[in-house]
Amino acid sequence: MCGIFGIADNKDASKLAYVGLFTLQHRGQESAGIVTDDRGVLRHHIGMGLVSEIFTREALETLKGRSAIGHIRYSTTGSSHIKNAQPLVLDSCLGQVAVAHNGNITNSDRIKAALQKGGAIFQSTSDTEVILHLMAKYRGKRLEDTLAKNLPKLEGAYAFIFMAPGKVIGARDPNGFRPLVLGKMGKSFLLASETCAIEVAGGKTIREIEPGELVVIEGGKATFRRFARARNFTRCIFEQVYFARPDSQVAGRSVQTARYEIGALLAREMKGVKADIVSGVPDSGTVYAQGFSDESWIPYQTVFMRNHYTGRSFIQPDQRLREFTAHLKLAPIRDVIKGKTIILIDDSLVRGTTSRKIVKNLKNAGAKKIIMAIASPAIISPCFYGIDTPSKAELIASNLTAERIRRFIGADELHYLSLESLVSACGDQKDRNFCVSCFTGSYNTRVDAVAKAYGIRPVKAGR
Ligand code: SF4
């Protein structure tokens, strides 16, 4: 999971890229970078840490130019190191090219090995670098022609923003796993992972980039071009469940609305359950709990005080840090909890270790009974499309029955939302095009080689 942003033709390009990345900070906190086009010379500033720590006023002043692209990273493929921070900038026979990538190229190892045999030298362990090397090897007349030649060689998930002197190009993989939207502000075009970044930067969202589509922004115009036939449009449904900001729009509805409806559907599926209060694990669980409460007439109460300055536990790359921050960030409100039967809603259950701590925390604070409700189905298989879910061995639902999971986390009851309800809440009637592979174990593309590396049995492609 990463966030990408681009803006073309604006005198405040680097500052607006900073605003865009700051708005997307929830998508990754490991590193950030901005590249600008300073009258034909690409300038960059890239660092480890938060956007606000990396980009001082002085750093932004050096990023001159009327176009900028930026990236914030949470590592999925490649280690946590400045070498893998993006945008990547390459000086080659193509001239200067920069790229910001969100996703995971599932055949990158195969392509990399072939390119290395031909003498290519890679600077990073990131899967993103393969596209730059492919572009240097198989060239077209213009950058967009080079991309149209090479993007079809990639498998898996990608939303890209490229920059070369005079142009910014956005591209989305033929399944549309990872999000990419186009916006406009006056004469400037913007590209971003989420609509919230376009709107906070002062623009208006035009539309999503379609699967298998390129948008070339050059000379104040945006032109669209197909580089591959769209396959099953399968946006990652975890955008609505967890990643995206509530004020973003995905598949025609706001993430907030989708989450509220998910909560209401969960209440319908759990009809007849008795409890004193319903609450959510902050932040996303709160909206789910409000939807549940309004549907079930069980009062909503806040049971945890969240410390907002510790980061999001799911996206800390190190297990030791993950446990530490999970403990730090949620403080129980004892008066509300004591003697109560509580329905507690969380967005998902991955390893089970965080839920176990939360339940223990509530019981220690005097809760009588904890009914754990998960706003998504059981995750039984890893994600190969750019989301940092663990291997099958670590995915609790891949190894234990629901009853054993309930016992492991220490809850009195455990409920999951059905897949049908999740999909129906996330898109409107006309648009329910989502990837749900981590709930089904059936994948939308060929992932056998990657699956083997994860130590799981061969998987089916397509659904
Ligand atoms: S496998 Fe799951 S996490 Fe990965 S893209 Fe599909 S829905 Fe999203």
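Residues numbered from 1 in each chain as written. Predicted model: local features only at pLDDT ≥ 70, side-chain atom pairs only at ≥ 80, totals over all residues.

### Concerning the overall build of the protein
This is how it is decided: Going along the chain from the N terminus, every DSSP run of H or I of four or more residues is numbered as a helix, and every run of E of two or more is numbered as a strand. We compute the radius of gyration from the C-alpha atoms alone; for a globule the expected value is 2.2 Å times N to the 0.38, where N is the number of residues. Any residue with 12 or fewer other C-beta atoms within 10 Å of its own C-beta is exposed, any with 20 or more is buried, and the rest are partly exposed; the C-beta atoms used are placed from the backbone. C-beta atoms are placed from the backbone for every residue, and two residues are taken to be in contact when these atoms lie within 7 Å.
Assigned secondary structure in the protein consists of 18 helices and 23 strands. Relative to its length of 463 residues, the protein is compact, with a C-alpha radius of gyration of 22 Å against a globular reference of 23 Å. Across its three principal directions, the C-alpha atoms of the protein cover 70 × 45 × 45 Å. When burial is assessed residue by residue, the protein has 51% of its 463 residues classed as buried. Within the protein, residue pairs in contact and separated by at least 24 positions form 68% of the contacts whose partners lie at least 6 positions apart.

### Considerations on the domain arrangement of the protein
Condition: What counts as a domain boundary in this text is fixed by an automatic or database domain assignment. Gly is put with the polar residues, along with every residue not named as nonpolar or charged; the nonpolar set is Ala, Val, Leu, Ile, Met, Phe, Trp, Tyr, Cys and Pro, and the charged set is Asp, Glu, Lys and Arg.
Here the domain parsing of the protein yields domain 1 (2-231) and domain 2 (239-453). The distance between the C-alpha centroids of domain 1 and domain 2 comes to 31 Å. Contacts between the two partners involve 25 residues from domain 1, matched on the other side by 23 residues from domain 2. Those elements that place two or more of their residues in the side of domain 1 that touches domain 2 are strand S6 (95-105), strand S7 (156-164) and helix H7 (195-200). Considering each element in turn, the side of domain 1 that touches domain 2 owes the most residues, 3 residues, to S6. Its residues assigned to classes, the side of domain 1 that touches domain 2 shows 5 nonpolar, 14 polar and 6 charged.

### Regarding the site of the ligand
Inclusion rule: Each residue receives a C-beta atom placed from its backbone. It is near a molecule or strand if this atom lies within 6 Å of it.
The immediate surroundings of the ligand are formed by Phe177, Cys236, Ile237, Phe238, Cys383, Tyr385, Ile387, Cys435, Val436, Ser437 and Cys438. Its residues assigned to classes, the shell around the ligand shows 10 nonpolar, 1 polar and no charged.

### A look at the sheet that holds strand S5 (residues 88-92)
Short version of the rule: At least two DSSP bridges between two strands are needed for those strands to be called paired. Axis angles are defined between N-to-C directions and span 0 to 180 degrees, where every axis is a line fitted to C-alpha atoms and, for a helix, only to the segment in contact.
Read from one edge to the other, the open sheet built from 6 strands follows the order S5-S6-S7-S8-S12-S13, with strand pairing classed as antiparallel. Two strands lie at the open edges of the sheet, namely S5 and strand S13 (221-226), each paired on one side alone. Geometrically, the sheet is characterised by an average inter-axis angle of 20 degrees between neighbouring strands, direction not taken into account. In the packing of helix H5 (residues 129-137) onto the sheet, the strands contacted are S5 and S6, and the crossing angle to S6 comes to about 135 degrees.

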